[in-house]
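# Remarks on the overall topology
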Amino acid sequence: MTISGEAFETYVKSYSAPGAVRGAMSDYRASAEDVAQDIEDADKKVKCPVLSLWGEDFGAVGRLFDMKAVWSEMAENLSVAAIERCGHLPQEEQPEAVNKLLLDFLKGWSG
């Protein structure tokens, strides 16, 4: 499933703003530093509850990696879910499924 209509137009408008693409791509430019930090902290696991969601059909993640195994190396209190019939943008492509998972994960949180 892909995004279309008003949601797509919102992304086009947002990415058309000066500096928007640069900001979005900064996440990718930071990959080397991110990986270096992961290696440095490989012996430490996140202790707080962690929810990892991804699009099952997103080739760069859901089909390329065993995400549960990846996150199990980094977090102790882990919940994972591959969002079915979904690619790169689970929150846009399957908002009901994502919202249900988020609400279930946060249920009882007293933060």
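Provided above is the structure to which this section pertains.
Structure report, in brief. Here the structure is a predicted model, which is why all the values come from computation and not from measurement.

### A look at the pairing of strand 1 (residues 50-55)
Where strand 1 and strand 2 (residues 78-83) come together, six bridges link them in parallel fashion. Following the sheet pairing, Val-50 is matched in strand 2 by Leu-78. For the crossover from strand 1 across helix 4 (residues 67-72) to strand 2, the handedness is right-handed.

### Brief notes about helix 6 (residues 95-106)
Along its twelve residues, helix 6 runs 16 Å from first to last C-alpha, staying within 8% of the 16 Å computed at 1.5 Å per residue. Of the residues trailing helix 6, Gly-108 is marked for its positive phi of about 85°.

### Considering a negative patch on the surface
On the surface, a cluster of negative charge is made up of Asp-27, Glu-33, Asp-34, Asp-38 and Glu-40. For the negative patch, the element with the highest residue contribution is helix 3 (residues 31-40), accounting for four residues. Within the element layout of this structure, Asp-34 appears in helix 3.

### Concerning the pattern of salt bridges
Applying the stated criterion across every chain yields a total of six salt bridges. Arg-85 is paired through a salt bridge with Glu-84; the nearest N and O atoms lie 3.5 Å apart. We classify Arg-85 as exposed; its relative accessible area is 53%. A salt bridge links Asp-104 to Lys-100; the shortest N-O distance between them is 2.7 Å. Of this pair, Asp-104 and Lys-100 both sit in helix 6, four residues apart, which is roughly one turn of the helix. According to the relative accessible area criterion, Asp-104 is partly exposed, its value standing at 37%. Put simply, Asp-41, Asp-43 and Lys-44 are held in one network by salt bridges that share partners.

What counts, and where the lines are drawn
Residues numbered from 1 in each chain as written. Predicted model: local features only at pLDDT ≥ 70, side-chain atom pairs only at ≥ 80, totals over all residues. Heavy atoms only, no water. Pairing = 2+ DSSP bridges. Helix = DSSP H or I, 4+ residues; strand = E, 2+ residues; numbered from the N terminus. Right-handed = clockwise from strand over helix to strand, strands pointing away. Expected span 1.5 Å × (residues − 1). Patch = residues over 30% accessible without salt bridge, like charges linked within 9 Å, V, L, I, M, F, W, Y side chains within 5 Å. Areas by Shrake-Rupley, 256 points an atom, 1.4 Å probe, with all protein chains shown as cover. Salt bridge = Lys/Arg side-chain N within 4 Å of Asp/Glu carboxyl O. Lys, Arg positive; Asp, Glu negative; His and termini not counted. Charge placed at Lys NZ, Arg CZ, Asp CG, Glu CD. Buried < 20%, exposed > 50% of the residue type's maximum accessible area, 1.4 Å probe, protein only.

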